[in-house]
Amino acid sequence: MKLKKFPPRFSGVLLAIGATMIWSWNYIIARGFHEVIPPVTLSFLRWSVALTVITPFSIKHFIRDISAISKNVKYIILISFFGVTLFNTLVYIAGHSTEAINLSLIAITTPVFILIFNRIFFKEKMNIINIAGVFLTLSGIVILICRGSLKVLFAISFTPGDLWMLFAAITFALYSFLLRKKPAGIGGVSFLFVTFAAGLVMLLPFFLYEFNSEKQFSFSISIIFSILYIGIFASIGGFFMWNKAVEQIGAATSGIIYYSLPLFSTFWAILFLDEHIQLMHLVSLIFIISGILIATKKR
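Residues numbered from 1 in each chain as written. Predicted model: local features only at pLDDT ≥ 70, side-chain atom pairs only at ≥ 80, totals over all residues. Heavy atoms only, no water.

Asker: What exactly am I supposed to notice about the overall build of the protein here?
Answerer: Helix and strand counts for the protein come out as 12 helices and 0 strands. Each helix (α) and strand (β) of the protein, taken in turn from the N terminus, gives the series α-α-α-α-α-α-α-α-α-α-α-α. Burial status across the protein gives 51% buried among its 299 residues. In the protein, 91% of the contacts between residues at least 6 apart in sequence involve partners at least 24 apart. Accessible surface for the protein amounts to roughly 14600 Å². Of this, 73% is attributable to carbon and sulfur atoms. (Helix = DSSP H or I, 4+ residues; strand = E, 2+ residues; numbered from the N terminus. Buried < 20%, exposed > 50% of the residue type's maximum accessible area, 1.4 Å probe, protein only. Contact = heavy atoms within 4.5 Å. Areas by Shrake-Rupley, 256 points an atom, 1.4 Å probe, with all protein chains shown as cover.)

Asker: Can you walk me through helix 3 (residues 73-94) in this structure?
Answerer: Counting along an α-helix, one turn takes 3.6 residues, and residues three or four places apart therefore face a common direction. Helix length check: helix 3 (22 residues) gives 30 Å between terminal C-alpha atoms against 32 Å at 1.5 Å per residue, within 8%. Considering bend angle alone, the principal kink of helix 3 is centred on Phe-81 and spans about 40°. (Expected span 1.5 Å × (residues − 1). Bend = angle between axes of the 7 residues up to and from the residue.)

Asker: What exactly am I supposed to notice about a nonpolar patch on the surface here?
Answerer: Where nonpolar side chains cluster on the molecular surface, the patch consists of Phe-219, Ile-221, Ile-224, Phe-225 and Leu-228 and spans about 530 Å² of accessible area. As for its placement among the helices and strands, Ile-221 is situated in helix 10 (residues 221-257). (Patch = residues over 30% accessible without salt bridge, like charges linked within 9 Å, V, L, I, M, F, W, Y side chains within 5 Å. Salt bridge = Lys/Arg side-chain N within 4 Å of Asp/Glu carboxyl O.)

Asker: Explanation requested: the packing of helix 9 (residues 188-213) against helix 10 in the structure shown.
Answerer: Two packed helices can be described by the angle between their axes and the distance between those axes. Running from N to C, helix 9 and helix 10 point in directions that differ by 125°, and their axes come no closer than 11 Å. By the angle class used here, helix 9 and helix 10 are oblique. Note that helix 9 runs across helix 10; the crossing there is right-handed. For the pair helix 9 and helix 10, the contacting residues are Gly-188, Val-189, Phe-191, Leu-192 and Phe-196 in the first and Ser-235, Ile-236, Phe-239, Phe-240 and Asn-243 in the second. Of the residues that constitute the contact of helix 9 with helix 10, the class distribution is 7 nonpolar, 3 polar and no charged. (Axes fitted to C-alpha atoms, helices over the stretch in contact; angles between N-to-C directions. Parallel < 35°, antiparallel > 145°, perpendicular 65-115°, else oblique. Left-handed = near helix turned anticlockwise from the far one by under 90°. Nonpolar A, V, L, I, M, F, W, Y, C, P; charged D, E, K, R; others polar.)

Asker: Sorry if this is basic, but what is going on with the environment of Pro-183 here?
Answerer: When you line up the elements, Pro-183 lands in the loop between helix 8 (160-178) and helix 9. Residue Pro-183 is classed as buried on the basis of its relative accessible area, which comes to 12%. Spatially, the C-alpha atom of Pro-183 lies 7.6 Å from that of Ala-68, the residues being 115 residues apart in sequence. Every residue in contact with Pro-183, bar those within four places of it in the chain, is listed here: Asn-72 and Tyr-75.

Asker: I keep staring at the packing of aromatic side chains and nothing clicks. Help me out?
Answerer: Centre distance and the angle of the planes are the two values used to describe a pair of aromatic rings. One pass over the structure, following the stated rule, counts 17 aromatic pairs. Pairing Trp-23 with Trp-242 gives two aromatic rings, centres 5.4 Å apart and planes at 50°, and the pair type is tilted. In this pair, Trp-23 sits in helix 1 (residues 8-32) while Trp-242 sits in helix 10, placing the two residues 219 residues apart along the sequence. For the pair shown, Trp-23 and Trp-242 are each scored as buried. Measuring from centroid to centroid gives 6.5 Å for Trp-25 and Tyr-229, while their planes differ by 65°, and the two rings are edge-to-face. Linking Trp-25 in helix 1 with Tyr-229 in helix 10, this pair joins segments that are 204 residues apart in sequence. Feature note: the residues Trp-23, Trp-47, Phe-87, Phe-172, Tyr-175, Phe-196, Phe-239 and Trp-242 constitute an aromatic cluster, connected by ring pairs. (Phe/Tyr/Trp six-rings, centres within 6.5 Å; stacked < 30°, edge-to-face > 60°.)

Asker: I'm lost on the pattern of salt bridges in this one. Help?
Answerer: Opposite charge on two side chains makes pairing possible when the charged atoms of those side chains draw close. Taken as a whole, this structure holds 3 salt bridges when the rule is applied. One salt-bridge network, in which partners are shared between bridges, spans Lys-182, Lys-244 and Glu-247.

Asker: How should I be thinking about the nonpolar core in this particular structure?
Answerer: With 73 residues, the main nonpolar core has Trp-23, Tyr-27, Met-165, Tyr-175, Phe-196 and Trp-242 as its most contacted residues. At 12 residues, helix 10 tops the list of elements feeding residues into this core. (Core = buried A, V, L, I, M, F, W, Y, C linked by side-chain atoms within 4.5 Å.)

This is the structure we're talking about:
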């Protein structure tokens, strides 16, 4: 059965979960290569790959939507700056000076900022059922990142990287919030194409500065595959799925599903890093899934 045959709300939830699952690898790469490749360079290579891959499939869509795009240049520049130029660059910068547990904890604050922006600008309210779902989801995440012990949570010390990650979370919330204002007449493919291109152009000066000031690195098989992954799957696939999800179920509901990101990161670690699943993983899974189901219940 094709995804488009599902009810819009159900398919929107699946798309948001899929995007979150794909993006979970981004945090592993951000931390795993923090001593190997400079952060702005990693971000620039990521979006260069994404733009290169998507361009051949975007030309006819871009020509078709050129009129709507030219009428909304300011919007394109703004959302490209937050979603492409800043967000992942800040994540990669944060990975250089903070631990993975801090990244996971701060990353899930994004939906909180989405709800705040929706409350301020759209006067959206959450009923008691939605709030209970958010609380359950957050509880499951806390159990996961603390490994079932409050001592781990209380022992966390914040570093400059934590502030960078907080800025990244706010930036992604702004990107998701702005998606609600996506102009009519700009299709999904052409939207990705123009945002990737505009964001990459704005990132270029920072890349050139870092390239001339940082120690150069050498490519390896793992670096090449990681760049291809974040350039193709995390950029094109993840952003396309996330944009469609926001269109179908809204930024607030998509943001709540984004809380499950550390859960996927943990599963990847178990699968590829030979870590073992524990009771707290199962308890966390129950809390997170229950919370998402309740929080995304139609208001």
